[in-house]
Amino acid sequence: MIQKLNIVNGVLQDKFIDGIPVKVQIVEPKGKLNVRTLIKMTEIIGVTNHNTGNPSPTAGDERHAKWLQNVEYADKEYVSAHLFVDEDSITQCVPLDEVCFHAGDGKGAGNRKTIAIEICENRNVDKAIENAKKLNAALILTYPRLVIYKHQDWSGKHCPRVLLSRGIWDLFVRDIRKLVEQTKQPDPFEADRIWAMENGISDGSDPGRPVLRKELWAMLHRMSK
Ligand SMILES: [Zn+2]
């Protein structure tokens, strides 16, 4: 289940979000502020979702964090994002309460008031999208009233391009809301399911399926041991 995040000075303290490893690689500000604006957000109103647009197999979250540091050093372009997520981890690059350049709306609310998530498209995009749903849900549980945005909402850009071209943006948002609800209204049978699994009585699968007589015999037999 997704839990509320532990954040200190805008930096994630959690080592995992629902089993997904969280890495922190905050970009060091240098020269012109190309990535790190050092401007505190006055308020955080939402999460803006992007796709990286880079299908190269090595273009995961760690590689993007290194790239952002190079952008900060190079003093050429202005681009940033708080979080990158791929198939197997999440990397934070900028404190969550700092203004980033990602929404293409200049001094608008997209850049100034939303947390940017870049969904990588390097390897297993489906898994990266599932991980992004969990990351969005964790942020919403942490900062109540956050709205789920897509880059396109701010500047019209066709981004997040994978979600938009597959026509799954609405499903993405619905799944995030479901994850948030699951934490807010936990399943009353969850503790029983875990107990049955831990005691070798049931594997805990198919919680909504009716039980067969032979399965009931097996469970009672296992309990008697
Ligand atoms: Zn974008």
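About the thresholds
Residues numbered from 1 in each chain as written. Predicted model: local features only at pLDDT ≥ 70, side-chain atom pairs only at ≥ 80, totals over all residues. Helix = DSSP H or I, 4+ residues; strand = E, 2+ residues; numbered from the N terminus. Buried ≥ 20, exposed ≤ 12 C-beta atoms within 10 Å, placed from the backbone. Expected span 1.5 Å × (residues − 1). Pairing = 2+ DSSP bridges. Contact = placed C-beta atoms within 7 Å. Axes fitted to C-alpha atoms, helices over the stretch in contact; angles between N-to-C directions. Parallel < 35°, antiparallel > 145°, perpendicular 65-115°, else oblique. Left-handed = near helix turned anticlockwise from the far one by under 90°. Nonpolar A, V, L, I, M, F, W, Y, C, P; charged D, E, K, R; others polar. Core = buried A, V, L, I, M, F, W, Y, C linked by C-beta atoms within 7 Å. Domains from an automatic or database assignment.

Student: Is there a simple way to think about the overall build of the protein chain in this case?
Tutor: On a plain count of helices and strands, the protein chain comes out with eight helices and nine strands. Considering only C-alpha atoms, the protein chain reaches an extent of 70 × 35 × 35 Å along its principal axes. Buried positions account for 34% of the 225 residues belonging to the protein chain.

Student: Looking at this model, I keep getting lost on helix α3 (residues 125-142). Mind explaining?
Tutor: A turn of α-helix holds 3.6 residues, and therefore any two residues three or four places apart point the same way. End to end, α3 covers 25 Å across 18 residues, agreeing with the expected 26 Å (1.5 Å per residue, within 8%). Taken residue by residue, α3 has A128, I129, N131, A132, K133, L135, N136, A137, A138, L139 and I140 as its buried positions.

Student: Looking at this model, I keep getting lost on the sheet that holds strand β4 (residues 20-24). Mind explaining?
Tutor: Pairing is mixed in the open sheet, where seven strands are placed in the order β3-β4-β7-β6-β8-β5-β9. Both edges of this open sheet fall to β3 (16-17) and β9 (147-150), since each of them pairs with a single strand only. In terms of strand pairing, strand β5 (residues 46-51) meets β9 through four bridges, oriented parallel. Note on β9: the bridge partner recorded for N49 is K150. In this fold α3 packs onto β3, β4, β5, β6 (83-85), β7 (90-92), β8 (114-119) and β9, with an angle of close to 165° to the strand it touches most, β8.

Student: It is not clear to me how the pairing of β5 should be interpreted in this structure. Could you clarify?
Tutor: One face of the sheet, then the other: side chains in a regular strand alternate in exactly this way. Most of β5 sits out of view: six of its six residues are buried. Because side chains alternate across β5, one face comprises the buried residues G46, T48 and H50, and the other comprises V47, N49 and N51, equally buried. Bridging between β5 and β8 involves six bridges; their strand directions are parallel. Note that in β8 the partner of V47 across the bridge is I115.

Student: Is there a simple way to think about the environment of L12 in this case?
Tutor: Looking at where L12 falls in the secondary structure, it is placed in strand β2 (residues 11-12). Accessibility expressed as a C-beta count within 10 Å gives 23 for L12, which makes it buried. Along the chain, L12 and K30 lie 18 residues apart, while their C-alpha atoms are 22 Å from each other. Excluding its chain neighbours within four sequence positions, the residues that come into contact with L12 are L5, I7, V22, V24 and Q92.

Student: Any chance you could explain the packing of α3 against helix α6 (residues 169-184) here in plain terms?
Tutor: For any two helices packed against each other, one specifies the inter-axial angle together with the distance between the axes. Following both chains from N to C, one finds α3 and α6 inclined at 50°, their axes separated by 9 Å at the closest point. As far as their axial angle goes, α6 and α3 are oblique. Note on packing geometry: the crossing formed by α3 with α6 is right-handed. Between α3 and α6, the residues in contact are I129, K133, K134, N136, A137, I140 and L141 and F172, D175, I176, L179, V180 and T183, respectively. Of the residues belonging to the contact of α3 with α6, the class tally is eight nonpolar, two polar and three charged.

Student: How should the nonpolar core be read in this particular structure?
Tutor: Most often, soluble globular proteins have nonpolar side chains that are buried together. Core analysis: the largest hydrophobic core is formed by 42 residues, its most contacted members being L83, V85, I117 and L135. Elements with a contribution of two residues or more to this core: β4, α1 (61-74), β6, β8, α3, β9, α5 (161-166) and α6. No other element matches the eight residues that α3 contributes to this core. Once residues lying within four places of it in the same chain are set aside, the contact partners of L83 are I90, Q92, A116, I117, E118 and L135.

Student: Explanation requested: the domain arrangement of the protein chain in the structure shown.
Tutor: Much of the literature gives interface size as the accessible area that the parts lose upon coming together. What the domain assignment lists for the protein chain is domain 1 (7-184) and domain 2 (190-224). Taking only C-alpha atoms into account, the centre of domain 1 sits 40 Å from that of domain 2.

Student: Is there a simple way to think about helix α8 (residues 213-224) in this case?
Tutor: Here α8 contains 12 residues, and its C-alpha end-to-end distance of 17 Å stays within 8% of the 16 Å for a straight helix at 1.5 Å per residue. Taking burial as the measure, the 12 residues of α8 include zero buried ones, a minor fraction of the element.

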